[in-house]
Structures are given as C-alpha cells and as structure tokens.
Amino acid sequence: MANLNREIQELLADYGVALRDGCLPAFLKSLTREEARAIRESDDFWEATEMVRLMNSAGFGDKVVTPDVGLFISRVDAAIVSRQKRASASTRSPSRNRVNL
Amino acid sequence: MGPRALSPLRRLSGGQYRESENEKPDMDKRLRNALKGLTSPDAESRRRAMEPFVRATFNIFIRHLYRYLGNEVECEDVLEDVYADIWENPDHLRDIANDAHLLRTVYLYYMRKRLREVYRRMNRNLALSQADLENLVAPEMGLHDITEQAELRQLLHRMLGKLKARERKAIEMWMQGMSNRAIANQLKTTVGAVKMLEFRTILKLRRMMKDYSDEED
C-alpha cells in the first residue's frame, strides 16, 4: 500500500486483501485525499466492494475459527450483568443511597 | 453512495424457494422459543433466553460479521456487544418470520451500529468522509447478503463457470488466498495487470449476480 494515489482497480485489490487478511483499518489509514475522492466518485468501486465481501465470505467464511460457544455465552452474560448493574446504579437516587446506608 | 438494493429472500435452509418473508417457514423450535423469551418485558427472562438464542445463532452471525471485518477476534468482540444490545433493546426482534429475516434484522439494527462504532474513532485521521467510511465498513445489505454460505458458494461456482479461463483462474486463486504477486506469476503477467483483471472480473460477476437476482424476482 506504499503506492501514492492508486488507481481505482488497485484500491479495490488492496481493499480485498485487507478484508481477507482482517486488516481493514490499515487500508483505511493508507488512503490519501485523492484516493478517497476517487472512491467517492466511482460507482464501480462500490459495486465491486459488495462482490468482494461475498467472495470473501464464500472463500474464507467457513474457515473462521469459532471459539467455544459456552465460553462466549459467559462473556455475553457478563456483559449483560454489567449493563444491569450500570442501569440500576444510574436509576438509584442519592437520597435513597443515604437511607440504605 | 454504495451498494444499496435489498433483494427479497430467495432460499432458506431447507433449500426451498419462498416468495417473500411474509410466508412463515419452519424456524428452529428452540430458536423460536428463545426469541419469545428475548422479547419478554422482564429482563431476567430475557437473560435466560439469551443462552439458547446465542447457541442457535452464533455461527450464522459470526460468519456474517466476518464479511465485514475479516478478523475473528474483532467479530467476537462486536458480537458480544450485539447480543448485549439485543438483550437491552429487543424490540426489533418481534415478529421475526424466519432465519433470513432474523439475520437481516440483526444486521440492520444491531450489527451495523456496532460496526460503525468500531471505526468511528478512527475517522478523525482518515481522508474518507464519514458517509463513505460507513458505506465501506457497515454497508446496507446488498445483493445476496442474506444468502446462505453453501448456496452462495454454489452460485459463485456457477458464475465462475461462465467466465473466460483467465478470469476464472485469477478469481479462484484469489479466493484460495493467493497474493496478487503469486497470481501474476501464475498467469505470467504483472501485478498491475492482475489487479485490473480482477477488477473487471469482479464487476462482471456482480452483473451476473444481479441478473440472477432479477430472474429470481
């Protein structure tokens, strides 16, 4: 991605590689103002990105290494508990707190 | 800007075509029950319903997110927030008709919000406008975005069969994970020519997909 002011086909190729390798932020940061403008003005680019995502999914989607669902569920549950606590803390009034103490 | 057309449902897990999502196909019973629990007004019931819901949907959701992130660790982090958001505000999940409707709703109302947040903080240092950034990282659903993985592969395989040998070879090698330089070596050409070939071929495939969708509709 060192090449400055890449052509639209090069931008798409780099987008595809970034998506495939899971480093989209690096691609986004590599864009110059000129390239960002070229992307904005190119309908072909936007249509092609849609296709690239599907190709990425068809080619690599099944290779996703999924974690143990049980462990993941405990992460989700912990997130829910933390939100519950946050919600109850924000609804508790200060005067009520003093009474409880 | 960006891809925008939302195609109606085409096929469900049983392999049957359906006209629209208003038709109620059989949804996995456990998932249907979990959805019922998830839309309960009681927070504890929703929390209990989360486990079967995650079990029934995790693989589908993480593979879908992978399309936009390409990175398992980030997919898990985003998905954790998505499930917690669903627990907190499950209103959009009332009246879900089938699996594809569920995936579309979860993407549009929960995943997109989180995907945008992943990149929002970056935007101060980017040349892209906020709208373009969002279209790139969390686009609206386009053609075949809710098509199942296996069906998508089948469809792509069929489309690839209609391409010229050189075009097909380039795309197949890309989908095997080869770099553009390696593809160029195989095709005995330059990296620049490979990128141009891929770009044109991808647009060709996109047109074929669109024609296929139009026929289906």
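Just so it is clear, the structure is predicted and the values come from calculations on it, not from any experiment. (Residues numbered from 1 in each chain as written. Chains lettered and ligands numbered in written order. Predicted model: local features only at pLDDT ≥ 70, side-chain atom pairs only at ≥ 80, totals over all residues.)

## Details of the overall build of chain B
Right, so step 1: For chain B, the helix and strand inventory stands at 9 helices and 0 strands.
Right, so step 2: Start at the N end of chain B and walk to the C end: the helices and strands fall as α-α-α-α-α-α-α-α-α.
Right, so step 3: Across the 217 residues of chain B, 34% fall into the buried class.
Right, so step 4: Put simply, of all contacts in chain B between residues at least 6 apart along the chain, 59% involve residues at least 24 apart. (Helix = DSSP H or I, 4+ residues; strand = E, 2+ residues; numbered from the N terminus. Buried ≥ 20, exposed ≤ 12 C-beta atoms within 10 Å, placed from the backbone. Contact = placed C-beta atoms within 7 Å.)

## Some thoughts on the packing of helix 1 (residues 8-21) of chain A against helix 4 (residues 43-60) of chain A
All names here are of chain A.
Right, so step 1: Contact pair helix 1 / helix 4: the axes reach a minimum separation of 10 Å and the direction vectors enclose 30°. With respect to each other, helix 1 and helix 4 are oriented roughly parallel. Between helix 1 and helix 4 lies a crossing whose hand is right-handed. Counted together, Ile8, Leu11, Leu12, Tyr15, Gly16, Leu19 and Arg20 of helix 1 and Asp44, Phe45, Ala48, Thr49, Val52, Arg53, Asn56 and Phe60 of helix 4 form the full contact between these two elements.
Right, so step 2: Residue composition of the contact of helix 1 with helix 4, by class: 9 nonpolar, 3 polar and 3 charged. (Axes fitted to C-alpha atoms, helices over the stretch in contact; angles between N-to-C directions. Parallel < 35°, antiparallel > 145°, perpendicular 65-115°, else oblique. Left-handed = near helix turned anticlockwise from the far one by under 90°. Nonpolar A, V, L, I, M, F, W, Y, C, P; charged D, E, K, R; others polar.)

## Concerning the confidence of the model for chain A
Right, so step 1: Averaged over chain A, the pLDDT score is 84; the fraction of residues at 70 or greater is 86%.
Right, so step 2: Ranking the elements of chain A by mean pLDDT puts helix 6 (residues 94-100) of chain A last with 54 and helix 3 (residues 33-41) of chain A first with 94. (pLDDT = per-residue confidence, 0-100.)

## What to know about the environment of B:Leu205
Right, so step 1: Tracing the backbone through its elements, the reader meets B:Leu205 in helix 9 (residues 191-216).
Right, so step 2: Distance from B:Leu205 to B:Asp95, taken between C-alpha atoms, is 35 Å for residues 110 residues apart in sequence.
Right, so step 3: The residues contacting B:Leu205, other than those within four sequence positions of it, are A:Met51 and B:Met159.

## Concerning the environment of B:Gln149
Right, so step 1: Locating B:Gln149 in the fold gives a position in helix 6 (residues 149-160).
Right, so step 2: Look at B:Gln149 and you get partly exposed, because 15 C-beta atoms sit within 10 Å.
Right, so step 3: For the pair B:Gln149 and B:Val137, spaced 12 residues apart in sequence, the C-alpha to C-alpha distance is 20 Å.
Right, so step 4: With residues near it in sequence (within four places) discarded, B:Gln149 still touches A:Ser57, A:Gly61, A:Asp62 and B:Arg63.

## Thoughts on the domain arrangement of chain B
Right, so step 1: Domain boundaries in chain B define domain 1 (29-137) and domain 2 (149-216).
Right, so step 2: Once you take the C-alpha centre of each, domain 1 of chain B and domain 2 of chain B turn out to be 30 Å apart. (Domains from an automatic or database assignment.)

## Some details on the confidence of the model for chain B
Residues and elements named next belong to chain B.
Right, so step 1: Taken over all residues, the pLDDT of chain B has a mean of 82, while the share at 70 or more is 85%.
Right, so step 2: Of the regions scoring below 50 in pLDDT, residues 1-24 engages in 49 contacts with residues more than four places distant in sequence or in other chains.
Right, so step 3: The ipTM, which scores confidence in the relative placement of chains, is 0.76 for this predicted complex, and the corresponding pTM is 0.75.

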